[in-house]
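Residue-level structural notes
For reference, the chains in residue letters:
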Amino acid sequence: MSLDARTPSALEVRDLSIGTATRRLVEGVSFRVEPGRTLGLVGESGSGKSLTCMAVPALLPGGVQPLSGTITIGDTDVTALSGRALERVRGTDIGVVFQEPMSSLNPAFTIGDQLSARLRRHHGLSKTDAEKRSVEALASVGIPRPDLRARAYPFQLSGGMSQRAMIAMAVVGRPKVLLADEPTTALDVTVQAQVLELFKQLQAELDMAVVFVSHDLGVIREVADDIAVMYAGQIVDAGPANQLLRSPGHPYTEGLLQASQPRGIDGGPLYVIPGAPPADPGAVDGCRFADRCPYAAPVCRVEPGLRAVGPSGHSRCVRIDDLHLQGVVSHG
């Protein structure tokens, strides 16, 4: 992740806030992702990472909308688009891999029909060319007998095969930006490893910018070049993956890293971050993590901004210069 405007980016999110008519759910989120790089967006359930991700293609749930900020893909301000202009950007510049492929793929149409429809609508291909390209897309994500699978309905595919079909649908148009919202959550460990390797391969081939949302730090270690950690609707820690995992810039990140360690690695029980995120983050004075933080001090009751730390990181901790946070001890 880079906040340096001099670096060319495929995706830039600037000061994004998301909410309802009565509440802010995400506040002041900024990041940039360059072509060929992956940003891992990490945090507990409810931290705002999926809302941030789905704001990019304007696929937020009903009643939830961007309140301020901009989202830019290349030179296009997505937040200024609507109607057919927005549909064109979704169909050409943005690819989305959803968390549950079986609820995202249309059960009434074959996999090939769904791929072909995207190509014909957004890329102007003929029916014959779209069908050929669809089979090629299924082959590119490692689906055996792609000609046969193209004629299958979603319910006829396994979970791993369905996820590969969803990935094929997301990348068939060679998008600039790929958004992956917890795409390995429902997969077993073996299939998960295969899917993660597939993401790396496709990114290298297509030079896409990828935003990979997950609560699993083990997965993020495998795929991310850069990491942004979200807590209670804000980015609290961000930087290159190798830097952040070794030297976290926020106590919350330290807690996540400790909680990701397997039982018995130091002879003790599993680590658990005490407490729970605030029910209404916007009503909290100062640091939103202060009530759960072992390092909290009176100064933490002042609203912290996102500040530069280390060679290229950013932290929302006012005490970071006083602390010596521990990174990952073992990958488990």
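Going by the structure above, here's the rest.
From a predicted model like this one, the values you see are computed outputs, not experimental measurements.

How each quantity is defined
- Residues numbered from 1 in each chain as written.
- Predicted model: local features only at pLDDT ≥ 70, side-chain atom pairs only at ≥ 80, totals over all residues.
- Heavy atoms only, no water.
- Helix = DSSP H or I, 4+ residues; strand = E, 2+ residues; numbered from the N terminus.
- Expected span 1.5 Å × (residues − 1).
- Contact = heavy atoms within 4.5 Å.
- Buried < 20%, exposed > 50% of the residue type's maximum accessible area, 1.4 Å probe, protein only.
- Polar contact = N/O pair within 3.5 Å; in protein donor to acceptor, adjacent residues only side chain to side chain.
- Salt bridge = Lys/Arg side-chain N within 4 Å of Asp/Glu carboxyl O.
- Pairing = 2+ DSSP bridges.
- Axes fitted to C-alpha atoms, helices over the stretch in contact; angles between N-to-C directions.
- Parallel < 35°, antiparallel > 145°, perpendicular 65-115°, else oblique.
- Left-handed = near helix turned anticlockwise from the far one by under 90°.
- Nonpolar A, V, L, I, M, F, W, Y, C, P; charged D, E, K, R; others polar.
- 1 Å grid on protein atoms, 1.4 Å probe; cavity = no way out; pocket = protein on both sides within 12 Å on 5 of 7 lines; lining within 4 Å.
- Points joined across faces, edges and corners; volume = space filled by probe spheres on them.

1. Some remarks on helix α5 (residues 127-140)
End to end, α5 covers 20 Å across 14 residues, agreeing with the expected 20 Å (1.5 Å per residue, within 8%). Looking at the buried residues of α5, the elements they touch are α4 (111-123), α6 (146-149) and α7 (159-171). Gly142 occupies a position one or two residues after α5 and carries a positive phi of about 80°.

2. Quick notes on the side chain of Lys49
The residue Lys49 is located in helix α1 (residues 49-55) in this model. Overall, the relative accessible area of 4% leaves Lys49 in the buried class. Reaching out from Lys49, the side chain makes a polar contact with the backbone oxygen of Glu44 at a distance of 3.1 Å. If sequence neighbours within four positions are ignored, Lys49 has contacts with Leu41, Val42, Gly43, Glu44, Glu182, Val213, Ser214, His215 and Met230.

3. As for the pattern of salt bridges
Overall, the coordinates contain 13 salt bridges when judged by the stated rule. For the salt bridge of Arg14 with Glu12, the shortest nitrogen-to-oxygen distance reads 2.8 Å. Under the relative-accessibility criterion, Arg14 is labelled partly exposed at 28%. Between Asp321 and Arg307 there is a salt bridge whose closest N-O contact spans 2.8 Å. One end of the pair, Asp321, is in the segment after β12 (313-315); the other, Arg307, is in strand β11 (residues 307-309), with 14 residues separating them in the sequence.

4. Focus on the sheet that holds strand β10 (residues 234-240)
The strand order across the open sheet built from eight strands is β6-β7-β8-β3-β9-β10-β12-β11, with neighbouring strands paired in mixed fashion. Both outer strands of the open sheet, β6 (94-97) and β11, are each paired with one neighbouring strand and no more. The average angle at which neighbouring strand axes cross in this sheet is 20°, direction not considered.

5. Some points on the pairing of β10
The element β10 is extensively covered by neighbouring structure, given that seven of its seven residues are classed as buried. Alignment of strand β9 (residues 226-231) against β10, held across six bridges, turns out to be antiparallel. The partner of Ile227 across the bridge, within β10, is Gly239. The antiparallel hairpin formed by β9 and β10 contains two residues in its connecting segment, where Ala232 sits at a positive phi of about 50°. In terms of strand pairing, β10 meets β12 through two bridges, oriented antiparallel. Bridging from a neighbouring strand, Asp237 pairs with Ser315 of β12.

6. So, the packing of α4 against α7
Their axes nearest at 9 Å, the elements α4 and α7 cross at an angle of 15°. Taken together, α4 and α7 sit at an angle that is classed as roughly parallel. By crossing handedness, the relation of α4 to α7 is classed as right-handed. Across the interface between the two elements, Ile111, Gln114, Leu115 and Arg118 from α4 touch Ala165, Ala168, Met169 and Ala170 from α7.

7. Some remarks on helix α8 (residues 189-206)
A turn of α-helix holds 3.6 residues, and therefore any two residues three or four places apart point the same way. Here α8 is 18 residues long and its end C-alpha atoms lie 26 Å apart, about the 26 Å a rise of 1.5 Å per residue gives. The positive-phi residue at the C-terminal boundary of α8 is Asp207, with phi of around 55°.

8. Describing the packing of α4 against α5
As a packed pair, α4 and α5 sit with axes 8 Å apart at the nearest point and diverge in direction by 120°. Here α4 is positioned oblique relative to α5, judged by the angle of their axes. Between α4 and α5 lies a crossing of right-handed hand. Of the residues in α5, those touching α4 at Ile111, Gly112, Leu115, Ser116, Leu119 and Arg120 are Lys127, Ala130, Glu131, Arg133, Ser134 and Leu138. Along the lines of polarity and charge, the residues of the contact of α4 with α5 split into five nonpolar, three polar and four charged.

9. Comments concerning the layout of surface pockets
Estimates place the volume of the largest pocket at around 510 Å³. Considering the residues around the largest pocket, the lining is formed by 20 residues, among which Phe98, Ser104, Arg118, His122 and Met169 are closest to the centre. Contributions of two or more residues to the lining of the largest pocket are made by α2 (83-92), β6, α4 and α7. At five residues, α4 tops the list of elements feeding residues into the lining of the largest pocket.

10. Notes on the environment of Gly255
With respect to the helices and strands, Gly255 occurs in helix α11 (residues 251-259). Given a relative accessible area of 4%, Gly255 falls into the buried group. For the pair Gly255 and Leu325, spaced 70 residues apart in the sequence, the C-alpha separation amounts to 9.6 Å. Ignoring sequence-local partners within four residues, the contact set of Gly255 consists of Tyr271 and Ile273.

11. Things to note about the sheet that holds strand β1 (residues 11-19)
Pairing is antiparallel across the open sheet formed by four strands, whose spatial order is β2-β1-β4-β5. Each edge of the sheet is formed by a strand with only one pairing partner; in this case those strands are β2 (24-33) and β5 (76-77). Sheet analysis places β1 next to β2, joined by six bridges and oriented antiparallel. Bridging from a neighbouring strand, Leu16 pairs with Val29 of β2.

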